Amino acid sequence: MISIENITININTNSSAPDDSLDKANHVIVRDELVNLLRIISEDQRFVGQTVVIPDECGQYGFSEGEFNLSNLLYFLADMLE
């Protein structure tokens, strides 16, 4: 089961978009930033050994029921978004 404590993630609203605004940024740039963030988080040593349980009800959203390694799941989601 996932148990995350004392973690802070700061997300700067500045983007690599020319006008530095996520609100006006190209959707591809925003997606790329999300992909990079998910990959960075997936490599955090605090998540080693952590798992997440996806219940039956999530099948309607395209997820399979089961217990999954959190780091692998985050990296997989980044790959899917890319």
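Criteria and cut-off values
- Residues numbered from 1 in each chain as written.
- Predicted model: local features only at pLDDT ≥ 70, side-chain atom pairs only at ≥ 80, totals over all residues.
- Heavy atoms only, no water.
- Helix = DSSP H or I, 4+ residues; strand = E, 2+ residues; numbered from the N terminus.
- Polar contact = N/O pair within 3.5 Å; in protein donor to acceptor, adjacent residues only side chain to side chain.
- Contact = heavy atoms within 4.5 Å.
- Axes fitted to C-alpha atoms, helices over the stretch in contact; angles between N-to-C directions.
- Parallel < 35°, antiparallel > 145°, perpendicular 65-115°, else oblique.
- Left-handed = near helix turned anticlockwise from the far one by under 90°.
- Nonpolar A, V, L, I, M, F, W, Y, C, P; charged D, E, K, R; others polar.
- Core = buried A, V, L, I, M, F, W, Y, C linked by side-chain atoms within 4.5 Å.
- Buried < 20%, exposed > 50% of the residue type's maximum accessible area, 1.4 Å probe, protein only.

A.B. asks: I'd like to hear about the side chain of Ser 71, residue by residue, with values.
C.D. replies: Mapped onto the fold, Ser 71 is located in helix α2 (residues 70-81). Side-chain polar atoms of Ser 71 contact the backbone oxygen of Ser 42, separated by 3.2 Å. Ignoring sequence-local partners within four residues, the contact set of Ser 71 consists of Ser 42, Phe 47 and Val 48.

A.B. asks: Please give an account of the packing of helix α1 (residues 27-42) against α2 that cites residues and values.
C.D. replies: To describe two helices that pack against each other, one gives the angle between their axes and the distance between the axes. Direction vectors running N to C along α1 and α2 enclose 160°, while the axes themselves pass 8 Å from each other. The orientation of α1 relative to α2 falls into the category roughly antiparallel. Handedness of the crossing formed by α1 with α2: left-handed. Counted together, Arg 31, Leu 34, Val 35, Leu 38, Arg 39, Ile 41 and Ser 42 of α1 and Ser 71, Leu 74, Tyr 75, Leu 77, Ala 78, Asp 79 and Leu 81 of α2 form the full contact between these two elements. For the contact of α1 with α2, the class distribution of residues is nine nonpolar, two polar and three charged.

A.B. asks: Tell me about the nonpolar core, and name the residues and values.
C.D. replies: Judged by nonpolar contacts, Val 35, Leu 38, Ile 41, Phe 47, Val 52, Ile 54, Leu 70, Leu 73, Leu 74 and Ala 78 together constitute the single largest core of ten residues. Going through the elements one at a time, α1, β1 (51-54) and α2 are the ones with two or more residues in this core. Here the element with the most residues in this core is α2; it accounts for four residues. Other than its neighbours up to four places away in sequence, Leu 74 contacts Leu 38, Ile 41 and Ser 42.

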